[in-house]
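Chain by chain, the residues:
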Amino acid sequence: MTNHLGHERTDHGAHGAHGAHGTHGAHGAHGGARPGGLSVSESGYTLELDSAILTAGAQQVTFRVIGPDGRAVTEFRPEHEKELHFIAVRRDTAGFQHVHPVRDEKGTWSVELALEPGDWRFFADVHPAAHDETLTLGIDAAVAGAYDPKPLPEVTGIARVGAYTVALDGVLLPGEASRLTLTVSRDGRPVTDLQPYLAAYGHLVALRVGDLGYLHVHPEGAPGDGVTAPGPEIVFMAVAPTAGTYRLYLDFQHDGVVRTAEFTVRTSTTAPGSHSESHAAPGHGSHHHGHHAHH
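Residues numbered from 1 in each chain as written. Predicted model: local features only at pLDDT ≥ 70, side-chain atom pairs only at ≥ 80, totals over all residues. Heavy atoms only, no water.

1. A few points about the overall build of the chain
The secondary structure content of the chain amounts to zero helices and 19 strands. Relative to its full complement of 295 residues, the chain shows a buried share of 54%. A separation of at least 24 residues holds for 69% of the contacts in the chain among residues at least 6 apart in sequence. In the form shown here, the chain has an accessible surface area of approximately 11900 Å², with 50% of it arising from carbon and sulfur atoms. (Helix = DSSP H or I, 4+ residues; strand = E, 2+ residues; numbered from the N terminus. Buried < 20%, exposed > 50% of the residue type's maximum accessible area, 1.4 Å probe, protein only. Contact = heavy atoms within 4.5 Å. Areas by Shrake-Rupley, 256 points an atom, 1.4 Å probe, with all protein chains shown as cover.)

Written out as structure tokens, the structure reads:
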């Protein structure tokens, strides 16, 4: 997957791991960043669900990416080992799932999702072979039943997923690239043997609270590049397109299981280390740990 902070194509395998986090050319062009997934159609490509009304529980969801010629697209360029990455999240930011549908020869994709009643947003992250960049298309779906919306989890710099603790260090800055470091530990000990998952040690999705504007970033470095350690730190460069509140979802794999750590953060007006650093930065003193999705 590409970095969707500006729909830029980047070669993540060529990144140095931890030597020059702020100096990569691809990361220097984030000033014009914009979120993806706010539109069902972009550059002539449209996301089409077979049904936008679903029932609760484990449900099979089928869809197509329709091309400029009005036909379902059947040729895609793989990004991070998959032709299509699919994100599902309820409008209250609960129920996050990052899954990988299966496509048939006619261009219909299918995937099973765990759905609770409410309004959902689905994102398809794809690179059609006939197009020159990756697209993130978004569409709403309604899941029938009694909707019990969850309050937004409070701002925190700590997430717990079973025996794992993930600490977030760094702040999101509007319109400016900043470094986010996520440190994984298990039972109080640093995890130093993270497993590659989709050609990276971690994948980070950020959603802007209010409209679910979609940001997708990837860590500095890559497994096997000779410089990137398999934990405990996973470092990302990210930029918020606007000031506001964001939900962050980190997927990481350890002991053969992919886990998701979730955070709520607000953008800061100053970089970490500044004497006037905003109180809205993620804080490690919080004891609230949000919701955690397991895959």
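2. A word on the sheet that holds strand E4 (residues 57-66)
Judged by pairing direction, the sheet is antiparallel, and its five strands sit side by side in the order E1-E2-E4-E8-E7 without closing on themselves. Two strands in the sheet have a free side with no partner beyond their single neighbour: strand E1 (41-42) and strand E7 (102-103). Alignment of E1 against strand E2 (residues 45-49), held across two bridges, turns out to be antiparallel. Its bridge partner lying in E2, Glu42 is registered against Tyr45. (Pairing = 2+ DSSP bridges.)

3. As for the nonpolar core
Residues Leu248, Leu250, Phe252 and Phe263 are the most contacted members of the largest nonpolar core, which totals 27 residues. The set of elements that each furnish at least two residues to this core consists of strand E11 (158-161), strand E12 (164-169), strand E13 (178-186), strand E15 (203-208), strand E16 (213-217), strand E17 (233-238), strand E18 (245-254) and strand E19 (257-266). Broken down by element, this core gets its largest block of residues, four residues, from E18. Excluding anything up to four places from it in sequence, Phe263 contacts Thr156, Gly157, Ile158, Ala159, Val166, Leu168, Leu182, Tyr246, Arg247 and Leu248. (Core = buried A, V, L, I, M, F, W, Y, C linked by side-chain atoms within 4.5 Å.)

4. Quick notes on unusual backbone geometry
Note that the residue after Gly231, namely Pro232, is joined by a cis bond; omega there is 0 degrees. As for its placement among the helices and strands, Pro232 is situated in the loop between E16 and E17. We note that His80 has phi near 50 degrees; this positive angle belongs to a residue other than glycine. By the element assignment, His80 lies in the loop between E4 and strand E5 (84-90). Non-glycine residue Asp255 carries a positive phi angle of around 55 degrees. Looking at the secondary structure, you find Asp255 in the loop between E18 and E19.

5. Quick word on the pairing of E12
The side-chain alternation of E12 yields one buried face, formed by Tyr164, Val166 and Leu168, and one unburied face, formed by Thr165, Ala167 and Asp169. Bridge analysis of E11 against E12 gives four bridges, and the strand direction is antiparallel. Among the inter-strand pairings, Arg160 is bridged to a residue of E12, identified as Thr165. Across six bridges, the pairing between E12 and E13 is antiparallel. Bridge pairing links Asp169 to Thr181 in E13.

6. Some points on the pattern of salt bridges
This model, assessed by the stated rule, comprises eleven salt bridges. The residue Arg121 makes a salt bridge to Asp140 at a minimum N-O spacing of 3.1 Å. Separated by 19 residues along the polypeptide, Arg121 in strand E9 (residues 118-126) and Asp140 in strand E10 (residues 135-143) bring together distant segments of the chain. Relative accessible area serves as the criterion here: at 40%, Asp140 is assigned to the partly exposed category. The salt bridge partner of Glu262 is Arg247, with a shortest N-O separation of 2.7 Å. Of this pair, Glu262 sits in strand E19 while Arg247 sits in strand E18, and the two are 15 residues apart along the sequence. (Salt bridge = Lys/Arg side-chain N within 4 Å of Asp/Glu carboxyl O.)

7. A word on the confidence of the model for the chain
Confidence in the prediction of the chain, expressed as mean pLDDT, is 84, and 80% of residues score 70 or more. Long-range and interchain partners of residues 1-32, a stretch whose pLDDT sits below 50, account for 92 contacts in this model, where long-range means more than four residues apart. This model gives residues 274-295 a pLDDT under 50, and the stretch forms 58 contacts once residues within four places in sequence are excluded. (pLDDT = per-residue confidence, 0-100.)

8. Considering the sheet that holds strand E3 (residues 53-54)
Picture the strands of a sheet paired through backbone hydrogen bonds; they go either parallel or antiparallel. Ordered in space as E3-E10-E9-E5-E6, the five strands form an open sheet in which the pairing is mixed. Edge positions in the sheet fall to E3 and strand E6 (97-99), since each of these pairs with one other strand and no more. Note: E3 against E10, two bridges, orientation parallel. Paired with Leu54 across the strands is Val143, a residue of E10.

9. Considering the side chain of Thr108
Summarising the element assignment, Thr108 is placed in strand E8 (residues 108-115). Polar contacts involving the side chain of Thr108 include one to the side chain of Arg64, which spans 3.1 Å. With near-sequence residues (within four places) excluded, Thr108 lies in contact with Asp50, Thr62, Phe63, Arg64, Val102 and Arg103. (Polar contact = N/O pair within 3.5 Å; in protein donor to acceptor, adjacent residues only side chain to side chain.)

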